[in-house]
Amino acid sequence: MRALAEVGPTLLGTSHRQAPVKALVHRLRTGLGEFFQAPAGYEVVLGNGGATGFWDVATLSLIERRSQHLVFGEFSSKFAQAVHEAPYLDEPEIIESPPGTCPTPIANPSVDAYCLTQNETSTGVAMPVERVGPQEQLVLVDATSAAGGMRVDLSQTDAYYFSPQKCFASDGGLWVAILSPTAIARVEQLCRSDRWIPPSLNLLTAVANSRQDQTYNTPALATLFLLAQQLDWLLAQGGLEWAAHRCEESAGIVYDWALGSDFATPFVSDPAWRSPVVATVDLDPSVSAQDVSAVLRRNGIVDTDAYRKLGRNQLRLGLFPAVEPADVRQLTLAIDWVAARLREQHAA
Ligand SMILES: *Cc1c(COP(=O)(O)O)cnc(C)c1O
């Protein structure tokens, strides 16, 4: 934020076709390629609309006829719903599993895209990112809350996309997608076909603009700048491996605390699925998670609430790379303190 305040007077308000902004987009595209060790031929593409906007982009510009969706929470189900509503696509194949678990993709020759979610932010479940079928069947990965905090081998993916307000500690409104050559070939085919694609959702247009270090229409410059700053910081610390390690350390603190607690338990029962970036913890009925979150919020510790629709007595904690593991430790102590007071009140 301090860095933004410093450059603000010369950066904010600049046209996105001018050198200062193009230089920033260039820095982002090369920096993200380096950070994720993008294989040769993969391209970093940017556009407006966040990950939610990218679902519409993918529905129009990446899925040819039929997609397979692994649905295990709110975000993965929203993309599946968007595809279900598209009149020109076949009914998607949905493989669903209950919240707190993760489904397994099943190779199916009748689909042309597998849609995975590396970290289901609503439940705190992380899944492996691996190819399911041959290269022509694209692997589209919603990595919104995972990208930058979890390891990934991009050669297993064709579109690895995210918004920058989670692990990259920036602001919302932007999507970033790292596309494989196979994905770009699909985009060229679909965007040149007779399918009607609104210009702002046309991925070929976004690719063409990104190649010139631009976006199709004006982006929020502060979002770009904050993303670039965070990326530089992560690279200077040691890159993705460092960030992934740091998130694992924070997650270890939370899960070990919950396992040793007499009122908290990790929601995700299989340790292999427990997310290193978003931890979900169920509380005993004697401690209201809503009350804990409310007390924490009044004391400046915000957004520990569970995902509303899950309807559980649960806390959900963001463990993104910008979060200090020491603060996570402090948070567990704060929760213990609040829970003990609430139980005293409860008993009285
Ligand atoms: C936050 C999130 C989204 C939505 O991101 P927006 O930038 O609000 O569109 C989508 N998918 C996942 C996994 C998320 O965590």
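Heads up: the structure comes first, above all this text.
The rules behind the values
Residues numbered from 1 in each chain as written. Predicted model: local features only at pLDDT ≥ 70, side-chain atom pairs only at ≥ 80, totals over all residues. Heavy atoms only, no water. Helix = DSSP H or I, 4+ residues; strand = E, 2+ residues; numbered from the N terminus. Expected span 1.5 Å × (residues − 1). Buried < 20%, exposed > 50% of the residue type's maximum accessible area, 1.4 Å probe, protein only. Contact = heavy atoms within 4.5 Å. Pairing = 2+ DSSP bridges. Axes fitted to C-alpha atoms, helices over the stretch in contact; angles between N-to-C directions. Salt bridge = Lys/Arg side-chain N within 4 Å of Asp/Glu carboxyl O. Near = heavy atom within 4 Å. Polar contact = N/O pair within 3.5 Å; in protein donor to acceptor, adjacent residues only side chain to side chain. Areas by Shrake-Rupley, 256 points an atom, 1.4 Å probe, with all protein chains shown as cover. 1 Å grid on protein atoms, 1.4 Å probe; cavity = no way out; pocket = protein on both sides within 12 Å on 5 of 7 lines; lining within 4 Å. Points joined across faces, edges and corners; volume = space filled by probe spheres on them. Nonpolar A, V, L, I, M, F, W, Y, C, P; charged D, E, K, R; others polar. Core = buried A, V, L, I, M, F, W, Y, C linked by side-chain atoms within 4.5 Å.

Moving on, we come to helix H10 (residues 325–347). Residue pairs three or four apart in sequence face the same way in an α-helix, which turns once every 3.6 residues. Relative to the 33 Å expected for 23 residues at 1.5 Å per residue, H10 spans 33 Å between its end C-alpha atoms, a close match to the ideal helical length. Every buried residue belonging to H10 is among Pro325, Val328, Leu331, Thr332, Ala334, Ile335, Val338, Ala339 and Leu342, and all of these are buried. Where the residues of H10 are buried, they touch helix H8 (239–260), helix H9 (289–298) and strand E12 (314–318).

Spatially, seven strands are ordered E1-E9-E8-E7-E4-E2-E3 in an open sheet, and the strand pairing comes out mixed. Taken across any chain shown, the strands that pair with only one partner, and hence form the sheet edges, are strand E1 (43–48) and strand E3 (93–96). Strand-to-strand twist of the sheet, defined as the mean angle between neighbouring strand axes without regard to direction, takes the value 20°. In terms of strand pairing, strand E8 (residues 159–162) meets strand E9 (residues 174–179) through four bridges, oriented antiparallel. Each bridged residue has a counterpart across the sheet, and for phenylalanine 162 the counterpart in E9 is valine 176. Strands strand E2 (67–71), E3, strand E4 (113–117), strand E7 (138–142) and E8 of the sheet are contacted by helix H4 (residues 74–85), whose axis makes an angle of about 150° with E2. Strands in contact with helix H6 (residues 203–211) are E1 and E9; relative to E1, the strand with the most contacts, it is inclined by about 115°.

Below, the discussion takes up the pattern of salt bridges. Summed over all chains, the structure comprises 15 salt bridges. Glutamate 43 serves as the salt-bridge partner of arginine 211, at 2.7 Å between the closest nitrogen and oxygen. Of this pair, arginine 211 sits in helix H6 while glutamate 43 is found in strand E1, placing the two residues 168 residues apart along the sequence. On the accessibility criterion, arginine 211 (44% relative accessible area) is partly exposed. A relative accessible area of 17% means that glutamate 43 is categorised as buried. The partner of glutamate 64 in a salt bridge is arginine 186, with the nearest N and O atoms 3.7 Å apart.

The local shell around the ligand holds 14 residues, among which Thr52, Thr121, Asp142, Ser163 and Lys166 are the closest. Here an oxygen atom of the ligand and a side-chain polar atom of threonine 121 are 2.4 Å apart. Side-chain polar atom of serine 163 to an oxygen atom of the ligand: 2.7 Å apart, as the coordinates give it. Here the ligand loses 87% of its free accessible area of 380 Å² to cover by the protein chains. Looking at the shell around the ligand element by element, the count peaks at four residues for helix H3 (residues 50–61).

For the rest of this paragraph, the subject is helix H7 (residues 221–237). Taking 1.5 Å as the rise per residue, H7 with 17 residues should run 24 Å; its terminal C-alpha atoms sit 24 Å apart, in good agreement. Where H7 is buried, its residues touch helix H1 (2–11), helix H2 (19–35), E1, E9 and H8. Glycine 238 lies just past H7 and shows a positive phi near 135°.

Okay, the pairing of E9 next. Of all six residues making up E9, six are buried, and the element is well covered by its neighbours. Alternating positions in E9 separate into two faces, Leu174, Val176 and Ile178 on one and Trp175, Ala177 and Leu179 on the other, with burial throughout. As paired elements, E1 and E9 share six bridges and run antiparallel to each other. Across the sheet, leucine 46 pairs through a bridge with valine 176, a residue of E9.

Let's shift gears to the sheet that holds strand E10 (residues 264–266). A sheet is described by the order of its strands in space; here three strands give the open sequence E10-E11-E12, paired in antiparallel fashion. This sheet does not close on itself; its edge strands, each paired only once, are E10 and E12. This sheet shows a mean twist of 30° between the axes of neighbouring strands, independent of strand direction. Bridging between E10 and strand E11 (residues 278–283) involves three bridges; their strand directions are antiparallel. Within E11, the position partnered with threonine 265 by the bridge is aspartate 282.

On to empty space enclosed by the protein, then. Applying the stated rule across the entire model yields one cavity of 30 Å³ or more. Estimated volume of the largest cavity: approximately 60 Å³. Taken together, Trp55, His69, Leu70, Phe75, Ser76, Phe79, Cys115, Leu116, Thr117, Asp142 and Tyr161 make up the full set of residues lining the largest cavity. Each residue belonging to the lining of the largest cavity can be placed in one class, and the counts come to seven nonpolar, three polar and one charged.

Leu32, Phe36, Tyr160, Phe168, Val176 and Leu224 are the most contacted members of the largest nonpolar core, which has 55 residues in total. Tallying contributions element by element places H7 first for this core, with eight residues. In this view, tyrosine 160 contacts Phe36, Gln118, Val141, Ala143, Ala146, Ala147, Met150, Val152, Leu154, Val176, Ala177 and Ile178; residues no more than four positions away in its chain are not counted. Core analysis: the next-biggest nonpolar cluster, separate from the first, contains 32 residues, Phe79, Leu89, Tyr161 and Tyr307 among them.

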